[in-house]
Amino acid sequence: MIANADLLEILRTVKDPEIPVLDVVELGVVRDVREESGKVVVEITPTYSGCPALQMMEDEIIAALKAGGFPDVEVRKVYSPAWTTDWMSAESKAKLKAYGVAPPHVREAEPLIVLERARHTVACPYCGSSNTEEKSEFGSTACKSINFCNSCHQPFDSFKSI
Amino acid sequence: MAEERATSTDTLLEYCLRLGDDRLILGHRLSEWCGHGPILEEDIALANIALDFLGQASHALEVAAAAEGAGRSADDLAFFREGVQFRNLLIVELPRGDFAFTIARQFLFDAFSVHLMDALQKSAEPRIAELAAKAVKEDRYHVRHSAEWMVKLGDGTDESHTRLQNAVNDLWRFTGEMFLADPVDDAAAAAGIAPAASTLKEKWDAVVNDVFARANITRPADEVFMRGGRTGKHTEHLGHLLAEMQIVARSHPGAEW
């Protein structure tokens, strides 16, 4: 019997290719890992429907487990519950901030359609100022928005809260 | 055809093809802006939204392929069907036009899709419910984005206002198809798979009227509505789109990178 903790330890070596400070476990992409009749089954969920990094994460998960002595691996996609940034721990958020990406905030209940959003204050990851503005809800990856700090005049990414 | 023998498998397959094809074709149209957006932020935004739609399409076509049970994959359905086998709304296949046309089409579709996905979270078919729970998160910021541009363009300069009003006028006759139920929609609603198409109309009207008012856009009169996409009767534009979208997969079947 393989201990799940050992498998998780291996999975923690696989990083998000777009945000290499977070591993696939703390990102919430890995939903479960277990041994099932001799093979290792890993359940993963996509962050965004079209995230192009998912396939790469899947390939790297298989490669890491093989290198760790588990040649028989099956990766299954699961979709429920839908991925949310609310799963991210304080420790992971601190890593994001140190990497220069403003971490997500915990979401509040909102109506289905909010056309003009009262903006949640996003602190600049460089100088800490809350005098920042969102330039676009769409950034270099599906999970990030583009922001600008009016205090230190530095553009920065913010991890979207969904 | 499904209309004649509406078994539950046929209904699920047909319904998932509709969900998938709307988003695949619209995603492809949006991707045509990649590298051509009016400003960098918008170029990135349209590419992001295109990617969300392609992901949603891939998921819906996976469910369709499983329902079909013929050993085909989502990629097979996307790249190896002919135009008459596509089930998308006509509105999503129209050429991208100018930026105002792209935004108007996007807004009219987003305002429909966000309510559809919200309702589909309660689908009796769990694979559709979980697809919708994910898609609705994305559709919520899609409609915010397109509505914001509707107001910017409609309430902007004479030039931007004229272009947007013309786009809305040209698109209007393609909006009715979103709410015109046919036997597949009725079977899906009866099975609890999907909401009755007509129940989305009131919600769509509320958002559209609100945004039109803020954008100084005049709502065109409901006259003749075009339909046919749901049964494979498409405009001449779909064939050209498919030729471009499918060429690599058909020239190099099974290729990987």
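Every value quoted in this text rests on a predicted model; they were computed, and no experiment measured them.

1. Here's the deal with the overall build of chain A
- Across its full length, chain A carries three helices and seven strands.
- Written out in order from the N terminus, the α and β elements of chain A read α-β-β-α-β-α-β-β-β-β.
- Projected onto the principal axes, the alpha-carbon positions of chain A cover approximately 55 × 35 × 25 Å.
- For chain A, the proportion of its 162 residues judged to be buried stands at 34%.
- The contacts of chain A with a sequence gap of at least 6 include a subset with a gap of at least 24, amounting to 52%.

2. Topic: the sheet that holds strand β4 (residues 101-102) of chain A
- Spatial strand order, β4-β7-β6-β5 (chain A): four strands in an open sheet with mixed pairing. Edge positions in the sheet fall to β4 and β5 (132-136) of chain A, since each has one partner strand and no second.

3. Digging into the nonpolar core
- Core analysis: the largest hydrophobic core is formed by 108 residues, its most contacted members being Cys16, Ala64 and Met150 of chain B.
- Tallying contributions element by element places helix α2 (residues 40-68) of chain B first for this core, with 14 residues.
- Both of domain 1 (4-77) and domain 2 (88-159) of chain A provide at least three residues apiece to this core.
- Residue contacts for Met150 of chain B: discarding those within four places in its chain leaves Ile103, Phe107, Val211 and Ala215 of chain B.

4. Quick word on the interface of chain B and chain A
- Contact with chain B, which involves 26 residues of that partner, is made by 20 residues of chain A.
- Counting residues per element, the side of chain B that touches chain A draws most heavily on helix α6 (residues 126-154) of chain B, at 13 residues.
- Considering only residue class, the side of chain B that touches chain A consists of twelve nonpolar, five polar and nine charged.

Calculation rules
- Residues numbered from 1 in each chain as written.
- Chains lettered and ligands numbered in written order.
- Predicted model: local features only at pLDDT ≥ 70, side-chain atom pairs only at ≥ 80, totals over all residues.
- Helix = DSSP H or I, 4+ residues; strand = E, 2+ residues; numbered from the N terminus.
- Buried ≥ 20, exposed ≤ 12 C-beta atoms within 10 Å, placed from the backbone.
- Contact = placed C-beta atoms within 7 Å.
- Pairing = 2+ DSSP bridges.
- Core = buried A, V, L, I, M, F, W, Y, C linked by C-beta atoms within 7 Å.
- Domains from an automatic or database assignment.
- Nonpolar A, V, L, I, M, F, W, Y, C, P; charged D, E, K, R; others polar.

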